[in-house]
Protein chains: 2
Amino acid sequence: MKTNVGISNRHVHLTNEDYQKLFGDISLTKRNDLTQPGMYACNETVTIKGEKRSIEGVRILGPLRNYTQVEISKTDCFYLGIDAPVRNSGELDGAGKVTIIGPHGEVTKEAAIIAARHIHVDKNIRKEHNLEGIKKVSVKILGEKGGIIENVYLKDSDIAYFELHLDTDDGNAHLLNQGDEVEIILEK
Amino acid sequence: MKTNVGISNRHVHLTNEDYQKLFGDISLTKRNDLTQPGMYACNETVTIKGEKRSIEGVRILGPLRNYTQVEISKTDCFYLGIDAPVRNSGELDGAGKVTIIGPHGEVTKEAAIIAARHIHVDKNIRKEHNLEGIKKVSVKILGEKGGIIENVYLKDSDIAYFELHLDTDDGNAHLLNQGDEVEIILEK
């Protein structure tokens, strides 16, 4: 079965507590909706800092969550000097140490991960595509730098938009563009 | 059969004519040998410039060649503003326009490519590993972001060191390190 690709650039999710440390009493403001229902990119950005360097203008994705998480690529890890593990969202055991800097203040915590490859699903999508009970799949990518990517987790939410999310390393390595169609392969 | 991974960062090959335009009468000097016999990294570096940005400190690989070629990743393409195609070394039809800047002068030409995935072989390696007559293979990569990469060309030279060469996008997307072992799969 087929789905489409969404490529995620580096971004930050924040708790209300950390947001207030970084921005003070200013409210988070929506810039644009994302494909996943209820998710949006904010106008607000932060600087993220590792042992070696910083990157400015890293976008906050809303709404606020009950954990603070910085999602970066392996390329970013080398540049910033952060040793981040591959993790599903919210699984922050062993996450890399990162400093997040806002206009009002900064926080340093073990919150940096490389997001595991994942496909957003919900109950209806699982039913419609015979994906019930499946934890992870592989995905076939066509093109000059195509191949098969493994360990693609199915990520459940109440209402999802059926889409494969990859980081910029996976996107660029495979020459993928936003919205490209790929084929899901069930792992044996 | 197995081989090891070599990850190539962005680099430049130059003709003698272009080298002289960039560096004048100063000679190219070897910094260190590379794994391929006769190939070396030079002390000399250049700046490469696209429509959007520049990157400094891009290393020249020697010896000088009969074509000038700038090998960059897709990530570099987005950053620099260069539309480079995937090509085998020396196949510069449709290559991206790039300006190369040295201490003495600069040259602008259609020389930017994303190097196709390739494995260095020679006659003896082909014989030993039953690779005679084969143009390209796939490669199985293990690990959390593993999978199979396709369209990996066998690149012949007189005397080769048997090694898979990938750019930093492929290396980082698959969490590969220099020297990691991977499995060659013959394409059907």
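As shown above, the structure is provided for reference.
Residues numbered from 1 in each chain as written. Chains lettered and ligands numbered in written order. Predicted model: local features only at pLDDT ≥ 70, side-chain atom pairs only at ≥ 80, totals over all residues. Heavy atoms only, no water.

Moving on to the overall build of chain A. Tallying secondary structure elements over chain A gives four helices and 14 strands in all. On C-alpha atoms alone, chain A measures out to a radius of gyration of 17 Å, which is about the 16 Å that the 2.2 N^0.38 rule sets for 188 residues. The C-alpha extent of chain A, read off along each of the three principal axes, is 50 × 35 × 30 Å. Buried residues in chain A amount to 51% of all 188 residues. Considering only contacts within chain A whose residues lie at least 6 apart along the sequence, 67% involve residues at least 24 apart. In the form shown here, chain A has an accessible surface area of approximately 9,100 Å², with 46% of it arising from carbon and sulfur atoms. (Helix = DSSP H or I, 4+ residues; strand = E, 2+ residues; numbered from the N terminus. Rg over C-alpha atoms; globule rule 2.2 N^0.38 Å. Buried < 20%, exposed > 50% of the residue type's maximum accessible area, 1.4 Å probe, protein only. Contact = heavy atoms within 4.5 Å. Areas by Shrake-Rupley, 256 points an atom, 1.4 Å probe, with all protein chains shown as cover.)

Turning to the interface of chain A and chain B, a few remarks are in order. Contacts between chain A and chain B engage 23 residues on the former and 23 residues on the latter. When chain A packs against chain B, close to 2,100 Å² is buried across both sides, 46% of that on carbon and sulfur atoms. Across the contact surface, chain A and chain B share six salt bridges. Across the pair lysine 140 of chain A and glutamate 150 of chain B runs a salt bridge, and its minimum N-O distance is 2.6 Å. Every element with two or more residues in the side of chain A that touches chain B is listed here: helix 2 (74-80), strand 12 (147-156) and helix 4 (168-173) of chain A. Counting residues per element, the side of chain A that touches chain B draws most heavily on strand 12 of chain A, at five residues. Considered class by class, the residues forming the side of chain A that touches chain B number seven nonpolar, seven polar and nine charged. (Buried area = accessible area lost by both parts, 1.4 Å probe. Salt bridge = Lys/Arg side-chain N within 4 Å of Asp/Glu carboxyl O. Nonpolar A, V, L, I, M, F, W, Y, C, P; charged D, E, K, R; others polar.)

Residue and element names in this part refer to chain A. The computed volume of the second largest pocket comes to approximately 970 Å³. As for the second largest pocket, its lining consists of 46 residues, and the residues nearest its centre are Ser8, His11, Leu34, Leu61 and His165. Only strand 1 (2-8), strand 2 (11-13), strand 3 (30-33), strand 5 (54-62), strand 10 (118-121), strand 12 and strand 13 (163-167) provide two or more residues apiece to the lining of the second largest pocket. Tallying contributions element by element places strand 5 first for the lining of the second largest pocket, with six residues. Taken together, the residues that form the lining of the second largest pocket break down as 14 nonpolar, 18 polar and 14 charged. (1 Å grid on protein atoms, 1.4 Å probe; cavity = no way out; pocket = protein on both sides within 12 Å on 5 of 7 lines; lining within 4 Å. Points joined across faces, edges and corners; volume = space filled by probe spheres on them.)

This part is about helix 1 (residues 16-23) of chain B. Residue and element names in this part refer to chain B. Every buried residue of helix 1 is accounted for by Asp18, Tyr19, Leu22 and Phe23. Projection of helix 1 onto a plane perpendicular to its axis shows the buried side chains occupying an angular sector of 110 degrees, all on one side. For helix 1, the elements touching its buried residues are strand 4 (40-49), strand 5 (54-62), strand 8 (96-101) and strand 9 (106-115). Directly after helix 1, the chain includes glycine 24, whose backbone phi takes a positive value near 70 degrees. (Arc of directions from axis to C-beta.)

Moving on, we come to the packing of aromatic side chains. Enumeration over the complete set of coordinates arrives at two aromatic pairs over all chains. Pairing tyrosine 19 of chain A with phenylalanine 23 of chain A gives two aromatic rings, centres 4.8 Å apart and planes at 15 degrees, and the pair type is stacked. Of this pair, tyrosine 19 of chain A and phenylalanine 23 of chain A both sit in helix 1 (residues 16-23), four residues apart, which is roughly one turn of that helix. Classification of phenylalanine 23 of chain A by relative accessible area gives buried; the value is 6%. For the cation-ring pair, lysine 30 of chain B lies above tyrosine 40 of chain B, with the distance from its terminal atom to the ring centre recorded as 5.3 Å. Positioned above the aromatic ring of tyrosine 79 of chain B, the side-chain terminus of arginine 53 of chain B is 4.6 Å from the ring centre. (Phe/Tyr/Trp six-rings, centres within 6.5 Å; stacked < 30°, edge-to-face > 60°. Lys NZ or Arg CZ within 6 Å of the ring centre and 35° of its normal.)

Next up on the list: unusual backbone geometry. The omega torsion of the bond from glycine 62 of chain A to proline 63 of chain A falls at 0 degrees, within 30 degrees of zero and hence cis. Among the secondary structure elements, proline 63 of chain A is positioned in the loop between strand 5 and strand 6 (69-71).

A separate point is the side chain of arginine 126 of chain B. Mapped onto the fold, arginine 126 of chain B is located in helix 3 (residues 123-128). Residues in contact with arginine 126 of chain B, not counting those within four places in the same chain, are Val121, Leu131, Glu132, Gly133, Ile134, Leu154 and Asp156 of chain B.

Once that is clear, we can look at the relation of the copies chain A and chain B. Superposing chain A onto chain B takes a rotation of 180 degrees plus a shift of 0.0 Å along the axis, which leaves an RMSD of 0.0 Å. With respect to symmetry, the two chain copies, as superposed, fit the operation of a two-fold axis. Distance from the rotation axis, computed per C-alpha, reaches its smallest value in chain A at isoleucine 148 of chain A: 2.5 Å. Comparing interface residues between copies, 100% of those in chain A also sit at the interface in chain B, which points to an isologous, same-surface contact. (Least-squares fit on C-alpha atoms with pLDDT ≥ 70 in both.)

To continue, consider the pattern of salt bridges. Taken as a whole and judged by the stated rule, the model has 24 salt bridges over all chains. The salt bridge involving aspartate 76 of chain A is made with arginine 10 of chain A; its shortest N-O contact spans 2.9 Å. Taken together, the residues span a long stretch of sequence, with aspartate 76 of chain A in helix 2 and arginine 10 of chain A in the loop between strand 1 and strand 2 at a distance of 66 residues. Across the pair aspartate 167 of chain A and lysine 145 of chain B runs a salt bridge whose closest N-O atoms are separated by 3.1 Å. A residue pair is termed interchain when its members come from two chains, as with aspartate 167 of chain A in strand 13 and lysine 145 of chain B in the loop between strand 11 (136-141) and strand 12 (147-156). Of the two residues, aspartate 167 of chain A and lysine 145 of chain B, neither departs from the other in class, the shared state being buried. Through salt bridges with shared partners, a single ionic network connects Glu17, Asp18, Lys21 and Lys109 of chain A.

Moving on: the pairing of strand 14 (residues 181-186) of chain A. Residues and elements named next belong to chain A. Where strand 1 meets strand 14, three bridges bridge the pair, whose relative direction is antiparallel. By the bridge assignment, lysine 2 is partnered in strand 14 with glutamate 183. The pairing of strand 11 (residues 136-141) with strand 14 spans four bridges and is antiparallel. Within the sheet, the bridge partner assigned to serine 138 lies in strand 14 and is isoleucine 185. (Pairing = 2+ DSSP bridges.)

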